[in-house]
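# Remarks on the overall topology
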Amino acid sequence: MVQVNNICCIGAGYVGGPTCTVIAQMCPQITVTVVDINEERIRAWNSNQLPIYEPDLQEVVESCRGRNLFFSTNVKEAIKNADIIFISVNTPTKTFGMGKGRAADLKYVEACARQIADIADGYKIVVEKSTVPVRAAEIIRRIFQTSTKPNLSFQVLSNPEFLAEGTAIENLKNPDRILIGGDETPAGQEAIEALCEIYKHWVPKNKIITTNTWSSELSKLAANAFLAQRISSINSISALCEVTGADVGEVAHAIGTDNRIGRPFLQASIGFGGSCFQKDILNLIYICETLSLHEVALYWQQVLDINEYQRRRFASRIVSCLFNTVADKKIAVLGFAFKKDTGDTRESSSIHVCKYLMDEGAHLAIYDPKVKKEQIIRDLTHPTISEDNPGRVSKLVTIVSEPYAACENTHALVICTEWDIFKHLDYERLYEKMLKPAFIFDGRRVLDVLHKKLQQIGFQVETIGKRVHPALSSHVLSCHKKQDQTPAKKIKT
Ligand code: UDX
Ligand code: UDX
């Protein structure tokens, strides 16, 4: 049996940081060192201002940092000392060359493999934590195989991470399953067993699934594709609800009680965001295309197309309800993160809704409890969002530090992220501050139980997947008719 005393994790991001923190807490006898080339990030991990916001993360880090959990930029030393090396670096969508906009860029994974082969001696278990295309482990193996070091031996495992941001610590401590893929040889099985032993410190044995390497790699892509598909499915139904008088919340509840369908992940929204769903589906599509599985590629493309349609549809509804123009109107945007309980904005649907509203000349006052001002500006001035006019952001966008300031003299309040605090705002006070008629567009259905009260205050409420204002039905219908005439735009990648 391989004895594991030291773990090194390359990549101190949303995946590497929380994952290794929980391993360190659960396995006090193992030294866990998380390394990153980004000095600022490592400095933040060693401070009281962690580089990412995640509920309970600070407490867990403080319980083991300096004891058996270390954050460092000394990648070489950490690799040398490690028995197991996790690769948790980013695998972004390629922005150039072959597979541009779809394939995963594996240059960081390859660079890690080369660095490990360069530095390591003796026996190492190298674990892919990053989400990678199926057969990526082959690249790492090939690089190790070409090493001429006589005493270097290795096993490559796939151990994808299924944590969701905002609930990362809970997901890591009580995972639905741990998936470990490896070589079917005795040496491969021994490496799998060594990694299983680590998880067995806190995960019941029956939740640890072992497979061959390729099944494990593909399962991560497939899991994310299936989850995203559910959201696109319910969002497609939400469009139908808005024109028929059905309520997507009631539909989701009714279908979710069927065991075969299940309740989770049927929350209609302005579309999914986050660093994984879009990237992984694009990657899946690319793999299918390169393997000539065109129908399969087209099938998954539709999940992304509906997501983009939903974002655009929501923005069009805002414009349409505000008497077909938002030019020079002020709109409060509440929530910029891609979901609640995180400060992460990667692929956030809020960015796209803001883009569409800026395209129409709206002035935006944006509030998010956890996203930094610089991040919002960075996202909105990105070339894919502000195209050839990044200057428009300074003219059109104000970032505010509390929700009431955002609503001063606005025509509409738009909820883009489902932060709990938005359910408990003083809506009478907000109404006073706003221009009339005052509109609320709830892109997350966080105000469902308040609709009556909001209408009594005087708001006109518009929400995803439901017709709240009966008088508006013909208006909504006409807005949908107009959209029907516009062919679905392909997403920009
Ligand atoms: C990301 C993706 O979201 C996920 O799908 C994939 O499985 C892993 O990469 P995440 O942890 O969220 O996960 O990425 P990110 O927060 O960008 O962290 C990656 C870290 O790796 C960065 O801090 C970066 O500086 C570091 N890195 C990257 C290295 O230390 N060395 C490198 O060579 C490249
Ligand atoms: C996802 C997967 O859940 C996780 O297993 C994987 O490891 C990484 O990708 P994450 O992107 O962090 O995690 O969050 P998730 O909770 O999956 O939400 C993704 C997006 O879908 C968010 O924008 C969220 O608001 C949206 N969503 C989720 C909906 O619109 N409706 C839902 O019912 C659920």
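Preceding this section is the structure that the text describes.
Everything quoted here is computed from the prediction, not taken from an experiment.

## Observations regarding the overall build of the protein chain
A tally of helices and strands in the protein chain yields 20 helices and 14 strands. Relative to the 2.2 N^0.38 estimate, which gives 23 Å for 493 residues, the radius of gyration of the protein chain is 24 Å and therefore close to what a compact globule would have. Projected onto its principal axes, the C-alpha coordinates of the protein chain cover approximately 75 × 50 × 45 Å. Scored against the burial criterion, the 493 residues of the protein chain give a buried share of 55%. A separation threshold of at least 6 residues defines the contact pool for the protein chain, and within that pool the share at least 24 residues apart is 75%. Taking the average place of the 58 positive charges on the side chains of the protein chain and the average place of its 56 negative ones, the gap between the two points comes to 3 Å.

## Some words on the site of ligand 1
Around ligand 1, the surrounding shell holds 19 residues, and the nearest of these are Val15, Asp36, Arg41, Thr131 and Ser275. Contact distances for ligand 1 include 2.9 Å between an oxygen atom and a backbone N or O atom of tyrosine 14. Split by residue class, the shell around ligand 1 holds six nonpolar, nine polar and four charged.

## Details of the sheet that holds strand S14 (residues 460-463)
Taken in spatial order, the six strands line up as S11-S10-S9-S12-S13-S14 in an open sheet, and their pairing is parallel. Looking at strand neighbours, the two that pair on one side only are strand S11 (397-399) and S14, the edges of this open sheet. Adjacent strand axes in the sheet meet at a mean angle of 20 degrees, parallel and antiparallel pairs treated alike. Looking at chain direction, strand S13 (residues 439-442) and S14 are connected through four bridges and run parallel.

## Regarding the site of ligand 2
Taken together, 20 residues lie around ligand 2, and Phe162, Glu165, Ser269, Phe338 and Arg444 are the ones closest in. The contact in question runs from an oxygen atom of ligand 2 to an N or O atom on the backbone of phenylalanine 162, over 2.7 Å. Leucine 163 has a polar backbone atom sitting 2.9 Å from an oxygen atom of ligand 2. Summarising the interface, the protein chains cover 91% of the accessible area of ligand 2, which totals 660 Å² for the free molecule.

## Some points on the packing of helix H11 (residues 277-290) against helix H12 (residues 294-321)
Two elements in contact, H11 and H12, have axes whose closest approach is 8 Å; the angle formed by their N-to-C orientations is 155 degrees. Taken together, H11 and H12 sit at an angle that is classed as roughly antiparallel. Of the two elements, H11 crosses H12, and the hand of that crossing is left-handed. Residues Gln278, Ile281, Leu282, Leu284, Ile285, Cys288 and Glu289 of H11 pack against His294, Val296, Ala297, Trp300, Gln301, Val303, Leu304 and Arg311 of H12.

## Section: a negative patch on the surface
Taken together, the side chains of Asp56, Glu59, Glu62 and Glu170 define an acidic patch exposed on the protein surface. Examined against the element boundaries, glutamate 62 turns out to sit in helix H3 (residues 57-64).

## Here we look at helix H13 (residues 349-359)
Helical geometry: 3.6 residues make up each α-helical turn, so side chains three or four residues apart lie on a common side. Within H13, 10 of the 11 residues are buried, leaving the element largely enclosed by the surrounding structure. Of the residues making up H13, those classed as buried are Ser349, Ser350, Ile351, His352, Val353, Cys354, Lys355, Tyr356, Leu357 and Met358. Once H13 finishes, glycine 361 follows within two positions and takes phi at roughly 85 degrees, a positive value.

## Section: unusual backbone geometry
With an omega dihedral of -5 degrees, the bond running from lysine 436 to proline 437 counts as a cis peptide bond. By the secondary structure assignment, proline 437 is in the loop between helix H18 (427-433) and S13. Residues other than glycine seldom take positive phi values, yet serine 292 does so here, at roughly 65 degrees. Along the polypeptide, serine 292 turns up in the loop between H11 and H12. A positive phi angle is found at asparagine 409, which is not glycine, with a value near 60 degrees.

## Thoughts on the environment of valine 32
When you line up the elements, valine 32 lands in strand S2 (residues 31-35). Put simply, valine 32 and alanine 194 are 162 residues apart on the chain and 15 Å apart in space, counted from C-alpha to C-alpha.

## Some details on the packing of aromatic side chains
Two aromatic rings, taken as a pair, are described by how far apart their centres are and by the angle between their planes. Considering all chains together, one arrives at 12 aromatic pairs under this definition. Taken together, a centroid distance of 4.9 Å and an interplanar angle of 10 degrees make the contact between tryptophan 45 and phenylalanine 71 stacked. Of the two residues, tryptophan 45 sits in helix H2 (residues 39-45) while phenylalanine 71 sits in strand S3 (residues 69-72), which places them 26 residues apart along the sequence. Per residue, the accessibility class of tryptophan 45 equals that of phenylalanine 71, and both read buried. Taking 5.8 Å as the distance between ring centres and 5 degrees as the angle between the ring planes, the aromatic pair formed by phenylalanine 439 and phenylalanine 441 counts as stacked. Exposure class is identical for phenylalanine 439 and phenylalanine 441. Each is buried. Counting every residue linked through ring pairs, the aromatic cluster contains Phe226, Tyr299 and Trp300. Here the guanidinium or amino end of arginine 135 rests over the ring plane of tryptophan 214, the centre of that ring lying 4.0 Å away.

Thresholds, definitions, all that
- Residues numbered from 1 in each chain as written.
- Chains lettered and ligands numbered in written order.
- Predicted model: local features only at pLDDT ≥ 70, side-chain atom pairs only at ≥ 80, totals over all residues.
- Heavy atoms only, no water.
- Helix = DSSP H or I, 4+ residues; strand = E, 2+ residues; numbered from the N terminus.
- Rg over C-alpha atoms; globule rule 2.2 N^0.38 Å.
- Buried < 20%, exposed > 50% of the residue type's maximum accessible area, 1.4 Å probe, protein only.
- Contact = heavy atoms within 4.5 Å.
- Lys, Arg positive; Asp, Glu negative; His and termini not counted.
- Charge placed at Lys NZ, Arg CZ, Asp CG, Glu CD.
- Near = heavy atom within 4 Å.
- Polar contact = N/O pair within 3.5 Å; in protein donor to acceptor, adjacent residues only side chain to side chain.
- Nonpolar A, V, L, I, M, F, W, Y, C, P; charged D, E, K, R; others polar.
- Pairing = 2+ DSSP bridges.
- Axes fitted to C-alpha atoms, helices over the stretch in contact; angles between N-to-C directions.
- Areas by Shrake-Rupley, 256 points an atom, 1.4 Å probe, with all protein chains shown as cover.
- Parallel < 35°, antiparallel > 145°, perpendicular 65-115°, else oblique.
- Left-handed = near helix turned anticlockwise from the far one by under 90°.
- Patch = residues over 30% accessible without salt bridge, like charges linked within 9 Å, V, L, I, M, F, W, Y side chains within 5 Å.
- Salt bridge = Lys/Arg side-chain N within 4 Å of Asp/Glu carboxyl O.
- Phe/Tyr/Trp six-rings, centres within 6.5 Å; stacked < 30°, edge-to-face > 60°.
- Lys NZ or Arg CZ within 6 Å of the ring centre and 35° of its normal.

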